[in-house]
Amino acid sequence: MKPRLLITRKVFPEVMQALSQAYEVQANPDDTHWSAAEFHARLANCDALFVVATDRVDEAALQAAPHLKIVATGSVGYNHIDLPACSARGIAVTNTPDVLTEATADMAWALLMATARRISESERWLREGQWGRWAWDQFLGADVHGATLGIVGMGRIGSAIARRAAGFSMRLLYCNRSAAANAAELGATRVELDALLSQSDHVLLVLPYSPATHHLIGERELARMKPTATLVNIARGGIVDDGALVQALQAGHLAAAGLDVYENEPQVHPALLAQRNVVLTPHLGSATRSSRLGMAMLAARNLLAFAAAEPLPSCLNPDRRPAGG
Ligand code: DGY
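Residues numbered from 1 in each chain as written. Predicted model: local features only at pLDDT ≥ 70, side-chain atom pairs only at ≥ 80, totals over all residues. Heavy atoms only, no water.

Our next topic: the sheet that holds strand S8 (residues 188-190). Taken in spatial order, the seven strands of this open sheet run S8-S7-S6-S9-S10-S11-S12, and their pairing is parallel. Either end of the sheet is taken by a strand with one partner, and the two such strands are S8 and strand S12 (278-280). Between one strand axis and the next, the sheet turns through 15° on average, direction left out of account. Here four bridges tie strand S10 (residues 230-233) to strand S11 (residues 256-259), and the two strands are oriented parallel to one another. (Pairing = 2+ DSSP bridges. Helix = DSSP H or I, 4+ residues; strand = E, 2+ residues; numbered from the N terminus. Axes fitted to C-alpha atoms, helices over the stretch in contact; angles between N-to-C directions.)

This is the structure in structure tokens:
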């Protein structure tokens, strides 16, 4: 008998087809929203689970899944999965690094440019029929070329963003737990977070979310930024205190923000929706066809390797408790 796989979201047909070779698949073809209770009920009989970044695989989910042996997430971030709890149960966890790096770096730049040059705000104004004449001071934005860019988190995606900055002749600062091996090649200088915030014209957040980075950017940090600066969050909601961000934008402590992720996704702080100087996108960092297909395929390769008792291409807990141990 094939092992049973639960897939929480509608996924590419080629991925479904590949997985169906090795698994008895329970899918969600209409992309129906499942409450936590509905999700947990479906976990009761599954051996393998394919989730996305907004599905919570926490202690309650694990308790509802007594047969679970592998969780494959179609994301590089894995803060939605209780990794220690999975490891203690001998459950393998895999993610999708690398395949989304370049698309996410492109998106970071798209948000930065749109935010600094007021693209969304001016487009809304134009669509409202407000454009009567050209004026010298219409929607003046911030220079990107020649400015100082501060990148918080210099992993794969941070480095890919930094490489693109060379084309804009920018001064590059970064803040990271450890020194980046490629910093000299990128022309990036490592500084403490406070220095990065106070010296940068544009701040880009690209670090993983964890209890240690919860509200890393709050009232105090926002107050350190230049009033002309922009803040872009392409990482995870919860790294920025959205309430504090609203206040900083309203008080003029910050010129503008570009957000792809939010504290209570898919809910967005209502005051952010009303704020003219923010660009808001619905968690699209990796959203190109090739990148999303690459992510889904890598998740599938992990699941297929597991079913075949082969080494997993991108396992997060190779040191988990041995199965049956
Ligand atoms: C990731 O891979 O972590 C992205 O945020 C997509 O969910």
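The next thing to look at is helix H13 (residues 289-307). The end-to-end C-alpha distance of H13 is 27 Å, a good match for the 27 Å that 19 residues give at a rise of 1.5 Å each. Those residues of H13 that fall on the buried side of the exposure criterion are Ser291, Leu293, Gly294, Met295, Ala296, Leu298, Ala299, Ala300, Asn302, Leu303 and Ala305. If you follow the buried residues of H13, they end up packed against strand S1 (4-7), helix H1 (13-22), strand S3 (48-51), strand S4 (70-73), strand S5 (92-94) and helix H5 (101-116). Of the residues one or two after H13, Ala309 is the one with positive phi, at around 55°. (Expected span 1.5 Å × (residues − 1). Buried < 20%, exposed > 50% of the residue type's maximum accessible area, 1.4 Å probe, protein only. Contact = heavy atoms within 4.5 Å.)

As a further point, take the side chain of Thr96. The topology assignment puts Thr96 in the loop between S5 and H5. For Thr96, a relative accessible area of 0% gives the class buried. Separated by 3.5 Å, the side chain of Thr96 and the backbone nitrogen of Val76 make a polar contact. Among residues more than four places away in sequence, those in contact with Thr96 are Thr73, Gly74, Ser75, Val76, Met295, Leu298 and Ala299. (Polar contact = N/O pair within 3.5 Å; in protein donor to acceptor, adjacent residues only side chain to side chain.)

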